[in-house]
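# Residue-level structure breakdown
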Amino acid sequence: MAFGPCAPPRCSAGAAVAAVVTGLVLAAATGLGGLALTVRRIVLRRAAWPAALLTLVVCVAVVVATWAGHQLVTGV
């Protein structure tokens, strides 16, 4: 694997790919949703920074969860 050795008893390449792809799709969806919400708040002349900050926090949480899922399925 590109990220290091895969311990045979615990490693599942398919599960690792699924975890990473799912995490990236969720992060992208969260980012696009947050972008839409932030732009809408700007257009309505409301404070947009809370929506932008929340989007950033949720995206970081999704990326960390993706990393943890990858670590779990590869055993690395």
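See above for the structure.
Chains are numbered independently. Their residues run from 1 in the order of the written sequence. With the structure being a predicted model, the display of local features is reserved for residues of pLDDT at least 70 and the display and counting of side-chain atom pairs for 80 or more, all residues being used for whole-chain, interface and lining totals. Water and hydrogen atoms were dropped before computing side-chain values, which therefore reflect all heavy atoms in the structure.

## Quick look at helix α1 (residues 13-43)
Helix and strand definitions follow DSSP, with helices as H or I runs of at least four residues and strands as E runs of at least two, each counted in order from the N terminus. Between the first and last residue of a helix there are one fewer steps than residues, each counted as 1.5 Å, and that sum is the expected span. The end-to-end C-alpha distance of α1 is 45 Å, a good match for the 45 Å that 31 residues give at a rise of 1.5 Å each. In what follows, a contact means two residues having at least one pair of non-hydrogen atoms within 4.5 Å. In this structure, the buried residues of α1 make contact with α2 (49-74). Backbone geometry just downstream of α1 places R45 in the positive-phi region, at approximately 55°.

## A word on the side chain of T38
Considering the arrangement of structural elements, one finds T38 in helix α1. When neighbours within four sequence positions are excluded, T38 is seen to be in contact with A48, A51 and A52.

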